[in-house]
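Listed below are the residues making up each chain.
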Amino acid sequence: MSGRTRARACPERTCVGCRERAAKTELLRIVAIKDACVLDPRGTLPGRGAYVHPVLVCLDQAIRRRAFTRALRAPGALDTKALRRYVERTTVAEQATR
């Protein structure tokens, strides 16, 4: 045996809310388009991306600390209302399936 494994390494990213590292697939990628934070589910939108866990706790921490503005290098405050609605909907849908 050569000692090599067939398992591939999973890319990790840091959540801008809680600052914990997690697999890229477990986090939401956020990009800045004009003055708003936009969800990038496929990970193909151009520009810098920031990653956050899809839970309200992490989202609230990121907003409170202005982490999106810093991570995306935006010149001013970013609108996060649409992002908040998405996370709230997915949280409610996730709880309904339990």
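Everything discussed here concerns the structure shown above.
Residues numbered from 1 in each chain as written. Predicted model: local features only at pLDDT ≥ 70, side-chain atom pairs only at ≥ 80, totals over all residues. Heavy atoms only, no water.

Caption draft 1: Structural view of unusual backbone geometry. Even without a glycine there, the phi angle at R19 is positive, about 65°. For R73, which is not glycine, the phi torsion reads 55° and is therefore positive. Among the secondary structure elements, R73 is positioned in the loop between α2 (67-71) and α3 (81-96). By relative accessible area, R73 is classed as exposed at 62%. (Helix = DSSP H or I, 4+ residues; strand = E, 2+ residues; numbered from the N terminus. Buried < 20%, exposed > 50% of the residue type's maximum accessible area, 1.4 Å probe, protein only.)

Caption draft 2: Focus on the pairing of strand β3 (residues 28-33). Where β3 lies against strand β5 (residues 50-52), 3 bridges are found, and the strand directions are antiparallel. The residue bridging I30 from the neighbouring strand is A50, located in β5. Both β3 and strand β4 (residues 36-39) contribute to a ladder of 4 bridges, which runs antiparallel. Each residue of the ladder has a partner; that of A32, found in β4, is C37. (Pairing = 2+ DSSP bridges.)

Caption draft 3: The arrangement of the sheet that holds β5 in detail. The antiparallel open sheet is built from 3 strands, whose spatial order is β4-β3-β5. Two strands close off the open sheet at either side, each with one partner strand: β4 and β5. Direction aside, the axes of adjacent strands within the sheet are offset by 40° on average. (Axes fitted to C-alpha atoms, helices over the stretch in contact; angles between N-to-C directions.)

Spatial relationships are all this shows, so hold off on functional conclusions.
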